[in-house]
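So you can see what is in the structure, the chains are spelled out below.
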Amino acid sequence: MAWNVEKVEHVLWKTAIPGLGHSSPIIWGDRLFVTTAVNQRKTAPLKVGLYGEPASAEDEDVQQWRVFCLNKQTGEILWDKTAHEGVPKLKRHPKATHANCTMATDGTNVVAFFGSEGLYCYDLAGRPRWQKDWGTLRTSPIVYNDVPDPQGVDLEWGFASSPIIYDNRVFVQCDVLTNGFVAALDLANGKEIWRTRRDDTATWSTPNVCAEGPRPQLIVNGWKHMGGYDLRTGEQIWWMSGGGDCPVPTPMVWNGLIFLMSAHGPRRPIYAVRTDAMGDVSLRNGASTNRYVAWSALRGGSYMQTPLIYGDYLYSCHVDGVLSCYEARTGKQLYKERLGKGGDGFTASPVASEGKLYFTSEQGAVFVVKPGADFTVLATNQMGEVCMATPAISKGAIFFRTQGHVVAVGGRE
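Description of the structure in this document. In this text the structure is predicted, and so the values were computed from the model without any measurement.

Scanning the model with the defined rule gives 15 salt bridges in all. A salt bridge links Glu 192 to Lys 132, with the shortest nitrogen-to-oxygen separation between them at 3.9 Å. Residue Glu 192 is found in strand β15 (residues 192–198), and its partner Lys 132 is found in strand β9 (residues 128–132); the two are separated by 60 residues along the sequence. One salt bridge in this structure joins Arg 195 and Glu 192, with 3.0 Å as the shortest N-O distance. Put simply, Arg 41, Lys 42 and Asp 61 are held in one network by salt bridges that share partners.

Following this line, the structure appears as structure tokens:
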């Protein structure tokens, strides 16, 4: 698929969204939902690209945390609700925003998570249903590049783990500086059903649900504590250590395997864990497999992007645009190639549809890649704006969240 935003070629609509947010658009029926944080005094700063500066952004003015609902067909804003207004409880990373978490919906309820500013549930008409406040959720990295960082306790990078909905429950992962946890809430009223403490450093990963195996489980990424929790009770089922020290990618499930990866610090591992795993499944003494770990790779994981599984292949794109393709079943690497000419950062996760893979750079270049064992770039499209959020796909159209807009591209239904 090819398009040109500047020339309005194959652009269905483009709607301005105020403020700054990296939450990805989500779609249910003809409605699209997205969040933002609007600085009430100035244009919020954003620093994209490849750099290693760990300092926090200067964005501590009063903000409005807002939820937008758009018509998917036309881009018209159907409603706009302010969930919270005030001074942020915590600072954020220069590349992050105060609205990083992607929303979740079951077609009746819409849930938005703003970290320390709370969790909010609306109906599809924008009427508030309930809200939950966990207090300050500080995600400061006390480990940096895989070793204790004496400056880590002074860093504030913001919250980014998105809520998920499954079986009338809302699940959240809050790996914070002290008293981290995973929890399940009743979707009807926000009441806590269970909460299980987690002993890990800060992470920015969204949990996922694995319905395969002996019992449904909530699977989470981590640095020293990846694992699965019983969906009904929160009881820990299996766990392992050995990730990168600032985990971001969401775990993925495919054909009896759970894929976990990270890439900050000296390690960039990929682990393929069987869905029937139990107990401590950590690899020891240089092993690459064991009873429950089907395969692993020491240097293949992505830093910011969640991996993509399409067909029989696993695609892992690092923050510098180096794309690796593996046989998902065996872990055999098929290629390792660079998207573009280098210099672009990659934060948005890839998506796929109708025999095409889409990789979006921070600078707004969208690389359309042919799936399979051979590396082929079919097209490169420019959005003309910074793109940090993962696009959504619905009925022949792709919906991009850029720095200032939501843009729909593709053919009409």
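That covers the picture; the talk isn't over yet.
Here the focus is the sheet that holds strand β18 (residues 226–230). Spatial strand order, β16-β17-β18-β19-β23: 5 strands in an open sheet with mixed pairing. Either end of the sheet is taken by a strand with one partner, and the two such strands are β16 (208–210) and β23 (279–280). One ladder, built from 4 bridges, connects strand β17 (residues 217–220) with β18; its direction is antiparallel. If you follow Leu 218 over to β18, its bridge partner there is Tyr 229.

Taken in spatial order, the 4 strands line up as β1-β35-β34-β33 in an open sheet, and their pairing is antiparallel. Two strands lie at the open edges of the sheet, namely β1 (11–16) and β33 (392–394), each paired on one side alone. Across the sheet, the axes of successive neighbouring strands diverge by a mean angle of 15 degrees, strand direction being ignored. The pairing of β1 with strand β35 (residues 405–410) spans 5 bridges and is antiparallel. Residue pairing in the sheet places Thr 15 in a bridge with Val 406 of β35.

Next up on the list: the packing of aromatic side chains. Under the defined criterion, the tally for this structure stands at 16 aromatic pairs. When the centroid spacing of 5.0 Å and the interplanar angle of 65 degrees are considered together, the rings of Phe 113 and Phe 159 count as edge-to-face. You can see Phe 113 sitting in strand β7 (residues 109–113) and its partner Phe 159 sitting in the loop between β11 (147–148) and β12 (164–166), a full 46 residues away along the chain. For the pair formed by Phe 113 and Phe 159, the shared burial category is buried. With a centroid separation of 5.7 Å and 50 degrees between ring planes, the pair formed by Trp 134 and Phe 181 is classed as tilted. Taken together, the residues span a long stretch of sequence, with Trp 134 in the loop between β9 and β10 (143–144) and Phe 181 in strand β14 (residues 180–186) at a distance of 47 residues. Under the relative-accessibility criterion, Trp 134 is labelled buried at 12%. Residue Phe 181 is classed as buried on the basis of its relative accessible area of 4%. Site record: aromatic cluster; members linked through ring pairs are Phe 113, Trp 134, Phe 159 and Phe 181. The positively charged end of Lys 47 is found above the aromatic ring belonging to Tyr 51, 4.4 Å away from the centroid. Above the ring of Phe 181, the side-chain terminus of Arg 195 is found at 4.4 Å from the ring centroid.

Analysis parameters
- Residues numbered from 1 in each chain as written.
- Predicted model: local features only at pLDDT ≥ 70, side-chain atom pairs only at ≥ 80, totals over all residues.
- Heavy atoms only, no water.
- Salt bridge = Lys/Arg side-chain N within 4 Å of Asp/Glu carboxyl O.
- Helix = DSSP H or I, 4+ residues; strand = E, 2+ residues; numbered from the N terminus.
- Pairing = 2+ DSSP bridges.
- Axes fitted to C-alpha atoms, helices over the stretch in contact; angles between N-to-C directions.
- Phe/Tyr/Trp six-rings, centres within 6.5 Å; stacked < 30°, edge-to-face > 60°.
- Buried < 20%, exposed > 50% of the residue type's maximum accessible area, 1.4 Å probe, protein only.
- Lys NZ or Arg CZ within 6 Å of the ring centre and 35° of its normal.

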